[in-house]
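The lines below spell out each chain.
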Amino acid sequence: MSERVYILGGVQTDFARNWAREGVDLLEVFSDTLNQGLEEVGLEYMDLETGHVGNFVGDLFNGQGILGGFFGMVDPSLAGLPTARHEAACASGSIALLAAAAEIEAGRYGLACVLGIEQMRNVPGEQAAQYLGAATWAGHECQDVKYPWPHMFGKLGDEYDRRYGLKHEHLAAIARINFDNAKNNPHAQTRHWQFSDINFTEDDEANPVIDGRIRKQDCGQVTDGAAVVFLASAARAREYAQARNIPFESLPYIRGWGHRSAPIEYDRKIAQSRDADYVFPHVRGTITDAYERAGLSGVGEIDVVETHDCFTTTEYMAIDHLGITAPGESWKAIEEGRIAMSGDIPINPSGGLIGCGHPVGATGVRMMLDGWKQLMEKAGDYQVSGAKTVQTLNIGGSGTTAVSFILSKD
């Protein structure tokens, strides 16, 4: 990376909230999140030089586009701020982060605000599923499918089963870990949910089928949520640290990144990878690009991973694509306890999308915020001791867009 981009911190909302039931609208949450973030980090409106919003389908759930214009609604002093909204389905937040980081690297601005936001619980479940289906190839995929994404990521599980074999018990273990981790996260949507062993079995009453091999506990959550982080150039980060008597070396920074995309059609992606080692070669390339830019040899130098687990099959894919195991052998890391909090490479201490929640446009920002918390030892009961390097992996669509960040501190 030509210019270090530092992370000053931020906040997330309580992902268990239902904004429609509370009678609050999107702008109110946007304003509250921005103001709470500024207060938490110790910044003022005048410190912001650029603003970026991650949001997928505000146009459908809220009838609202051009969300960059919300900055100027928060306070008159922000009316001239350069802003933009970014969309890449569930990777929207990470694309917003990439854009903000690029502006800082280019020297355009010294301090950026990145806010991810999505409201998804203000319409009935089937309607929400159809809105979220906008990230499929419209008119060609998931025709007459009630729940598009369980269908798509069930197909991913089917592909693993065809190539390597896949057992339900390994997917169930991923779900258990994420739900267990979420119990320690005070902002997680499922932190108070209670389960019995039978809820993770193939019992059709206790763990009903949603589509194909995807059952209820395999699914990430439908969530109302927002998260904000503030990024800074080295010069601005140094000023920030000096003004607050914080050691500059303690501030986390973006050490590396990867970003690749593939055709929107799921079957075309699979057809293109027929003879490849990995089911999604572009996802593997995204990850290795991040390692190369960070100057790392691989996942062995990573202490914590926050990865996309919109479904258990997505995390199963991530495990081998990260290089934790050989292709098709993710089950080994699960059985050996490597991805649990006590393992050598904990995945989703926050609870991930399954446990913490998945407000799609905010997920990438929330992942970076949790990486910052781990490096600053501010993760509370889900802190991984001694974490020095954190990796995120955020996926949009049926694996269409992939973004990975590596965060470190000196």
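Residues numbered from 1 in each chain as written. Predicted model: local features only at pLDDT ≥ 70, side-chain atom pairs only at ≥ 80, totals over all residues. Heavy atoms only, no water.

Turning our eyes to something else, we now look at the overall build of the chain. Secondary structure assignment for the chain yields 15 helices and 11 strands. On C-alpha atoms alone, the chain measures out to a radius of gyration of 20 Å, which is about the 22 Å that the 2.2 N^0.38 rule sets for 410 residues. On the principal axes, the C-alpha backbone points of the chain span a range of 55 × 45 × 40 Å. The buried share of the chain, reckoned over its 410 residues, is 60%. In the chain, the share of contacts with a sequence separation of at least 24, taken over all contacts with a separation of at least 6, comes to 76%. On the chain, roughly 15400 Å² of surface is accessible, and the fraction owed to carbon and sulfur atoms is 46%. Seen as two clouds, the 34 positive and the 55 negative side-chain charges of the chain have centres 2 Å apart. (Helix = DSSP H or I, 4+ residues; strand = E, 2+ residues; numbered from the N terminus. Rg over C-alpha atoms; globule rule 2.2 N^0.38 Å. Buried < 20%, exposed > 50% of the residue type's maximum accessible area, 1.4 Å probe, protein only. Contact = heavy atoms within 4.5 Å. Areas by Shrake-Rupley, 256 points an atom, 1.4 Å probe, with all protein chains shown as cover. Lys, Arg positive; Asp, Glu negative; His and termini not counted. Charge placed at Lys NZ, Arg CZ, Asp CG, Glu CD.)

This part is about the side chain of serine 92. Locating serine 92 in the fold gives a position in helix 5 (residues 92–105). Judged by relative accessible area, which is 0%, serine 92 ranks as buried. At 2.6 Å, the side chain of serine 92 and the backbone oxygen of alanine 89 are in polar contact. Non-local contacts of serine 92, meaning those with residues more than four positions away in its chain, are made with Gly54, Asn55, Phe56, His86, Glu87 and Gly361. (Polar contact = N/O pair within 3.5 Å; in protein donor to acceptor, adjacent residues only side chain to side chain.)

Turning to unusual backbone geometry, a few remarks are in order. Positive phi, normally seen in glycine, also occurs at cysteine 142, with a value near 60 degrees. Within the element layout of this structure, cysteine 142 appears in the loop between helix 6 (125–132) and helix 7 (148–163).

What follows deals with the pairing of strand 10 (residues 389–396). With 8 of 8 residues buried, strand 10 is to be regarded as a mostly interior element. Along strand 10, one buried face is formed by Thr389, Gln391, Leu393 and Ile395 and the opposite face, lined by Val390, Thr392, Asn394 and Gly396, is buried too. Pairing of strand 9 (residues 304–307) with strand 10, which is carried by 4 bridges, proceeds in the parallel orientation. Considered in strand 10, the bridge of valine 304 is made with valine 390. Pairing analysis gives 8 bridges linking strand 10 to strand 11 (residues 401–408), with the strands arranged antiparallel. Directly across from threonine 389, in strand 11, lies its bridge partner serine 408. Hairpin connection from strand 10 to strand 11: 4 residues lie between these consecutive antiparallel strands, with glycine 397 at a positive phi of about 70 degrees. (Pairing = 2+ DSSP bridges.)

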